Amino acid sequence: MKTNAVVLALLASLSLTAQTQQIESLLAKIATYQYGGDPAPAIQLEELLGKLSGSTESKKAGETLLLKFLQSEASPAGKEAAFRGLSLIGSNASIPVLA
């Protein structure tokens with residue numbers, strides 16, 4: 001039983017790392033997004049964030065990445081995609097950054 005718990009914890013950690021890398025990769029593409037451009041990365045980000053809604057730890061990690069992105073020099077259109085993402089997974093922790 002203890003081994004199963006360790007394996008599950010390891011898998012969850014690997015999954016979180018993979019999700020974080022996917023979010024970072026998509027945000028890098030979205031950083032230069034302009035209105036009228038290819039919306040695929042923004043759509044992929046929304047889909048990925050929607051899948052995080054069941055895991056508190058994953059949502060927290062995603063929220064942290066989105067808030068960091070909003071404080072960057074990303075394009076206004078890119079930041080709009082991040083705001084949409086926060087509408088899916090954001091918490092009260094977002095308020096100080098958004099205020």
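For the structure, see preceding data.
Analysis parameters
- Residues numbered from 1 in each chain as written.
- Predicted model: local features only at pLDDT ≥ 70, side-chain atom pairs only at ≥ 80, totals over all residues.
- Heavy atoms only, no water.
- Axes fitted to C-alpha atoms, helices over the stretch in contact; angles between N-to-C directions.
- Helix = DSSP H or I, 4+ residues; strand = E, 2+ residues; numbered from the N terminus.
- Parallel < 35°, antiparallel > 145°, perpendicular 65-115°, else oblique.
- Left-handed = near helix turned anticlockwise from the far one by under 90°.
- Contact = heavy atoms within 4.5 Å.
- Salt bridge = Lys/Arg side-chain N within 4 Å of Asp/Glu carboxyl O.
- Buried < 20%, exposed > 50% of the residue type's maximum accessible area, 1.4 Å probe, protein only.
- Expected span 1.5 Å × (residues − 1).
- Arc of directions from axis to C-beta.

**Focus: the packing of helix H3 (residues 56-70) against helix H4 (residues 76-89)**
When two helices pack together, their arrangement is captured by the angle between the axes and the distance separating the axes.
1) Next: As a packed pair, H3 and H4 sit with axes 10 Å apart at the nearest point and diverge in direction by 155 degrees. The angle between H3 and H4 falls in the class roughly antiparallel. Every pair of crossing elements has a handedness; the one defined by H3 and H4 is left-handed. Mapping the contact onto sequence places Lys59, Gly62, Glu63, Leu66, Leu67, Phe69 and Leu70 in H3 and Gly78, Lys79, Ala82, Phe83, Gly85, Leu86 and Ile89 in H4.

**Concerning the pattern of salt bridges**
1) Next: Enumeration according to the criterion identifies two salt bridges in this entry.
2) Next: With a closest N to O distance of 2.8 Å, Glu46 and Arg84 form a salt bridge. Highlighted residues: Glu46 in helix H2 (residues 40-51) and Arg84 in helix H4, separated in sequence by 38 residues.
3) Next: Between Glu80 and Arg84 there is a salt bridge, with its nearest N and O atoms 3.3 Å apart. Taken as a pair, Glu80 and Arg84 lie in helix H4 at a separation of four residues, close to a single helical turn.
4) Next: The partly exposed category is assigned to Glu80, whose relative accessible area is 34%.
5) Next: Its relative accessible area of 32% is what places Arg84 among the partly exposed residues.
6) Next: The network of salt bridges with common partners includes Glu46, Glu80 and Arg84.

**What about H2?**
Think of an α-helix as turning once every 3.6 residues; residues three or four places apart then point the same way.
1) Next: For H2, built from 12 residues, the straight-helix expectation of 16 Å at 1.5 Å per residue is met to within 8% by its first-to-last C-alpha distance of 17 Å.
2) Next: Along H2, the positions that sit buried rather than exposed are Pro41, Ala42, Leu45, Leu48 and Leu49. Buried residues of H2, viewed axially, fall in a sector of 125 degrees; they line one side.

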